[in-house]
Amino acid sequence: CADIAMYRAKHDGRNNFRFFTGEMQAQSVRALQLENALRRALEREQLSLHYQPQVSLQTGRVIGAEALLRWQHPELGQVSPAEFIPLAETSGLILPIGEWVLRSAALQLKAWMEAGMAPITMSVNLSSVQFRHADLPALVSRILDETRLPPNLLELELTEGVAMVDPLGAIAVMNDLHDRGVRMSIDDFGTGYSSLSYLKKFRIYKLKIDQSFVRDITDDPEDKAIVSAIIGMAASLGLQTIAEGVETAGQLDHLRAMGCDEVQGFHFSRPVPADAFAAFVQAALR
Ligand code: C2E
Ligand code: MG
Ligand code: MG
Ligand code: MG
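Our subject in this report is the structure included herewith. Everything numeric here is computed off the predicted structure, so don't read it as measured data.

1. Points about the coordination of the magnesium ion (ligand 3)
Six octahedrally arranged donors around a metal ideally form angles of 90 or 180 degrees; four tetrahedrally arranged donors ideally form angles of 109.5 degrees.
At step 1: The protein atoms donating to the magnesium ion (ligand 3) are Asp 187 (OD), Asp 188 (OD), Glu 244 (OE) and Glu 244 (OE), with metal-donor distances spanning 2.0 to 2.4 Å.
At step 2: Each donor residue of the magnesium ion (ligand 3) belongs to the same chain, with the gaps between them written as D-D-x55-E.

This is the structure:
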């Protein structure tokens, strides 16, 4: 949005320049405001996690949860992670926040299992800042030790960009995490510009097919072709696939026919608080 404003500011007349500059200033004022508020969000307990079920197409069972961060600010209301995660990254706040997310998600899965839920995987989104931080593998191990959670129940979601900035460094970190027993998936797969040749060097367990390809899968032959190609490639590389953003039974039918392994989306459930997630799993078993 800032880029569009900048583009227009450059290409439009003088008056417009002033108008868009004002808009840009308002944006950065909000960004500063949010960043300051975010500094206190953790200690003020304004952050929470919601969980969205991941469903196996083979068994119809819930086999995983994705933890998604929520920020409820007393005056600003719900702030979207799409808005505050980038601010957390540039300010460095993503490190303490990301550690809180990892620990909270691990503790939640442990609590569900202790309450009798069958083991499922817990997927946690990792920012590139966390991924490049030298302490990450040790931190993950520490949290697994603390919670006594089997490492293979933790899945770390990385975007293509995270891995492609420094592929050799990424391979080393992935090898380290893999050796500690943790699984990794590529989030929003197909939207980045990953070199396919690196894919086989990455210690990846699963590709998450981006929701932008799933949206029109029933009508758009090109999206269908892309999804089909991703699933085919994943299968031949020995990778699992999960489709994100599944909202309709029609999309589900197409994905099943194409041999996708898992699905996730509003068709099953929105991301919900922990107790609602447990109730969803319970209801699905009946
Ligand atoms: P993501 O990891 O790709 O998560 C998927 C997003 O799609 C989530 O948005 C989810 O609520 C939404 N979604 C799920 N199913 C559907 C569907 O059927 N239809 C549609 N239209 N949307 C669906 P959310 O929760 O707003 O998160 C946005 C992004 O923020 C995430 O994208 C992730 O990149 C980032 N994020 C969220 N939590 C964390 C976190 O704890 N750490 C980091 N680093 N990033 C996070
Ligand atoms: Mg994700
Ligand atoms: Mg995604
Ligand atoms: Mg995303």
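Still more to cover.
2. Details of the site of ligand 1
At step 1: Not every one of the 22 residues close to ligand 1 is listed here, only the nearest: Arg 70, Asn 125, Asp 187, Glu 247 and Phe 266.
At step 2: With respect to ligand 1, the side chain of Glu 66 contributes an N or O atom lying 3.0 Å from an oxygen atom.
At step 3: Compared with its free state, where it exposes 810 Å², ligand 1 has 80% of that area covered by protein.
At step 4: Tallying contributions element by element places strand S2 (residues 62–73) first for the shell around ligand 1, with four residues.
At step 5: Residue composition of the shell around ligand 1, by class: nine nonpolar, six polar and seven charged.

3. Comments concerning the nonpolar core
At step 1: If you look at the biggest cluster of nonpolar residues, it comprises 79 residues, and the most contacted ones within it are Trp 112, Phe 131, Leu 156 and Phe 277.
At step 2: Looking at this core element by element, the count peaks at eight residues for helix H4 (residues 94–114).
At step 3: Apart from the residues within four sequence positions on either side, Phe 277 is in contact with Tyr 51, Gln 52, Pro 53, Val 62, Gly 64, Ala 65, Trp 112, Met 117, Ile 120 and Val 272.

4. Topic: the packing of helix H6 (residues 136–147) against helix H8 (residues 167–179)
At step 1: In contact at an axis separation of 9 Å, H6 and H8 are set at 20° when each is read in the N-to-C sense. By the angle class used here, H6 and H8 are roughly parallel. In this structure, H6 crosses over H8, and the sense of that crossing is right-handed. Contacts between H6 and H8 pair Leu 136, Pro 137 and Val 140 from the former with Val 173, Asp 176 and Leu 177 from the latter.

How each quantity is defined
- Residues numbered from 1 in each chain as written.
- Chains lettered and ligands numbered in written order.
- Predicted model: local features only at pLDDT ≥ 70, side-chain atom pairs only at ≥ 80, totals over all residues.
- Heavy atoms only, no water.
- Donors = N, O, S within 2.8 Å, 3.2 Å for Na, K, Ca; no water.
- Near = heavy atom within 4 Å.
- Polar contact = N/O pair within 3.5 Å; in protein donor to acceptor, adjacent residues only side chain to side chain.
- Areas by Shrake-Rupley, 256 points an atom, 1.4 Å probe, with all protein chains shown as cover.
- Helix = DSSP H or I, 4+ residues; strand = E, 2+ residues; numbered from the N terminus.
- Nonpolar A, V, L, I, M, F, W, Y, C, P; charged D, E, K, R; others polar.
- Core = buried A, V, L, I, M, F, W, Y, C linked by side-chain atoms within 4.5 Å.
- Buried < 20%, exposed > 50% of the residue type's maximum accessible area, 1.4 Å probe, protein only.
- Contact = heavy atoms within 4.5 Å.
- Axes fitted to C-alpha atoms, helices over the stretch in contact; angles between N-to-C directions.
- Parallel < 35°, antiparallel > 145°, perpendicular 65-115°, else oblique.
- Left-handed = near helix turned anticlockwise from the far one by under 90°.

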